[in-house]
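Architecture and fold: a report
Here is what each chain is made of, one letter per residue.
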Amino acid sequence: YDRLLRIRALRWEYGSVLPNTIQFHMSAEEVEWFNRYKKSLATYMRSVGGEEGLDLTQDIKPPKSLYIEVRCLRDYGEFEIDDGTTILLKKNSQHFLPRWKCEQLIRQGVLEHILS
């Protein structure tokens, strides 16, 4: 049960795709449980919050500002924000972006939040 609670917490920390280093330490049954949990969570999030659903995995802690300064840790490619602007995320480039669009990339290690 403790491992299932930890696996559930991994979904909230890393998103719907776990790093290979973490999956390597999971049994086939645990990976299957993770996949069923993420599908169940996705179904629920689509069912609430209107037409586009509500992403409960964003803003785990209330943000102090809507935009943050980030540094790209590795080449990622093009990244589109809500207003249609496309930004090229290249290693060591810095950007001022909406927090909610960056959080997943920060957790994946693509971006780093620059604290002033």
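Residues numbered from 1 in each chain as written. Predicted model: local features only at pLDDT ≥ 70, side-chain atom pairs only at ≥ 80, totals over all residues. Heavy atoms only, no water.

Cut-off, in case you're wondering: UniProt positions are given in the numbering used here, feature names are shortened, and annotations may be inferred rather than shown by experiment.
The protein goes by DNA replication complex GINS protein PSF1 in an unreviewed UniProt entry, where it is assigned to Gavia stellata. As stated in UniProt under Subunit (unreviewed entry), the record for the protein gives "Component of the GINS complex." One UniProt comment on the protein, placed under Subcellular location (unreviewed entry), says "Nucleus".

1. Points about helix α1 (residues 2–14)
What counts is decided by this rule: Numbered from the N terminus, helices here are DSSP runs of H or I no shorter than four residues, and strands are runs of E no shorter than two. One less than the number of residues in a helix, times 1.5 Å, gives the span that helix is expected to have. Contacts are residue-level and defined by heavy atoms, with any inter-residue pair within 4.5 Å sufficient.
The terminal C-alpha atoms of α1, which comprises 13 residues, lie 18 Å apart, in line with the 18 Å expected from a rise of 1.5 Å per residue. Packing partners of the buried residues in α1 comprise α2 (20–23) and α3 (28–47). In the stretch just after α1, Gly15 is the one whose phi turns positive, near 95 degrees.

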